[in-house]
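# A structural walkthrough
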Amino acid sequence: MAKIDDVKANVEAGKTKLVPGLVQDALNEGSAAADILQAMVDAMGVVGEKFSTGELFVPEMLIAAKAMAKGVEVLKPHMAGDASASLGTCIIGTVEGDLHDIGKNLVAMMIESAGFTVVDLGVDVSASKFVEAIKANENVRLVACSGLLSTTMPALKETVQTIKASGLTGFKVMVGGAPVTAQYAEAVGADAYAPDAGSAAVKAKELVTV
Ligand code: B1M
C-alpha cells in the first residue's frame, strides 16, 4: 500500500499518533503535499458518510479531525506559497454556533501563504466579535467567514449583514463551507464565495488587487 493510502486509512481511523509520521513518509515517497491533503479531506468525507449512516458517532468524528489536524501540521511548510508580499490583514473565523475548524484552518493557511496577515478568531464567533476584530486590527482587507452546518447558515447571513451594516469599509467579505453556494453567498450580500481552500486564496488575492 502506498503511504498516501495509509494516511487516508489512519485519518479515517483517528490514529492521531501515527498520522504525522505517515504524512512525512508519504512526502518522502514523493507524493505531492496537495495530494496528501486531498487524501485526508477524502478520509473526512468517509467519516462524515459513516456518521450519517450511524456507523460512527461524534467522538470518532472528533478523533479523526484531530488526526487530520496533526497531519496538516506536517504538511504546512510544504504548502506555503510566496508570503513575501503583504496584502493586508484577513480576519477569519467559523460563525456562531459552529465548532468545525479544519476547513477554516486550511483556508487560513492558504490565505496566509498568499501574502495576508491572518487573524484567526477561532470557532463559534459571533457577528459582533467579527466587527470588533475589524475595528481592532490595522489594514483589514478581507473578512472570511466559514460555516459547516446547515443550521448555522442563518448565522453566516447574520454575520455578513452585521458587518455590512457596521459602516466599516476598506475590506471585502468572503464566505464558504460545505453547505454554502455561490448563490447563497450572493443572496446574503457577501462579496465573494470560494468552494475550497486553494480557490479561497486565489479569490482573496483577486479581491484585494483589482
Ligand atoms: Co460535524 N458535521 N457535527 N463534526 N462533521 C458534518 C459537517 C456533517 C456533514 C456530517 C454528516 O452528517 N455527514 C454534519 C452537518 C450536516 C449539515 O448540517 N448539513 C455534521 C453534524 C450534524 C455535526 C453535529 C451536529 C453532530 C452532533 O452533535 N450530533 C455537531 C455540531 C457541532 C457544532 O458545530 N455545533 C458536529 C460536530 C463535529 C465534531 C466536533 C465532532 C467534528 C469537528 C471537529 C473540528 O472541526 N475540529 C466534526 C467533523 C469532523 C465533521 C466532518 C466528519 C468532517 C468536517 C471536516 O473537517 N471536513 C463533517 C462531514 C464532512 O465534511 N463530510 C461533519 C474536512 C474539511 C477540509 O472540509 O470543513 O468542508 P470542510 O472545508 C473545506 C470547504 O468546505 C471549504 O474549504 C475547506 C478546505 O478545502 N471551506 C471554505 C470551509 N470554510 C471555508 C471558508 C471560505 C471558503 C471555503 O471562505 C471564507
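Below: a short report on this structure. (Residues numbered from 1 in each chain as written. Predicted model: local features only at pLDDT ≥ 70, side-chain atom pairs only at ≥ 80, totals over all residues. Heavy atoms only, no water.)

Glancing now at the pattern of salt bridges. A full pass over the atoms with the stated rule returns six salt bridges. Glu 12 is the partner of Lys 50 in a salt bridge, and the nearest nitrogen-oxygen pair spans 3.5 Å. Of the two residues, Lys 50 is situated in helix H3 (residues 33-52) and Glu 12 in helix H1 (residues 3-12); the sequence distance between them amounts to 38 residues. Residue classification places Lys 50 among the partly exposed positions, given a relative accessible area of 27%. (Salt bridge = Lys/Arg side-chain N within 4 Å of Asp/Glu carboxyl O. Helix = DSSP H or I, 4+ residues; strand = E, 2+ residues; numbered from the N terminus. Buried < 20%, exposed > 50% of the residue type's maximum accessible area, 1.4 Å probe, protein only.)

A few words on the packing of helix H5 (residues 102-113) against helix H9 (residues 197-209). Closest axis-to-axis distance for the H5/H9 pair is 8 Å, and the angle between their directions is 40°. The angle between the axes of H5 and H9 places the two elements in the oblique class. The handedness of the crossing between H5 and H9 comes out as right-handed. Contact residues: Leu 106, Val 107, Met 110 and Ile 111 in H5; Ala 197, Gly 198, Ala 200, Ala 201 and Ala 204 in H9. The residue inventory of the contact of H5 with H9, partitioned by class, reads eight nonpolar, one polar and no charged. (Axes fitted to C-alpha atoms, helices over the stretch in contact; angles between N-to-C directions. Parallel < 35°, antiparallel > 145°, perpendicular 65-115°, else oblique. Left-handed = near helix turned anticlockwise from the far one by under 90°. Contact = heavy atoms within 4.5 Å. Nonpolar A, V, L, I, M, F, W, Y, C, P; charged D, E, K, R; others polar.)

Around the ligand, 35 residues are found, and the nearest of them are Ser 52, Leu 99, His 100, Asp 101 and Ser 146. In the environment of the ligand, a nitrogen atom lies 2.8 Å from a nitrogen or oxygen atom belonging to the side chain of His 100. Here an oxygen atom of the ligand sits 3.1 Å away from a polar atom, N or O, in the main chain of Ala 197. Of all the cavities here, the one that holds the ligand is the largest pocket. (Near = heavy atom within 4 Å. Polar contact = N/O pair within 3.5 Å; in protein donor to acceptor, adjacent residues only side chain to side chain. 1 Å grid on protein atoms, 1.4 Å probe; cavity = no way out; pocket = protein on both sides within 12 Å on 5 of 7 lines; lining within 4 Å. Sits in = over half its atoms within 2 Å of the grid points.)

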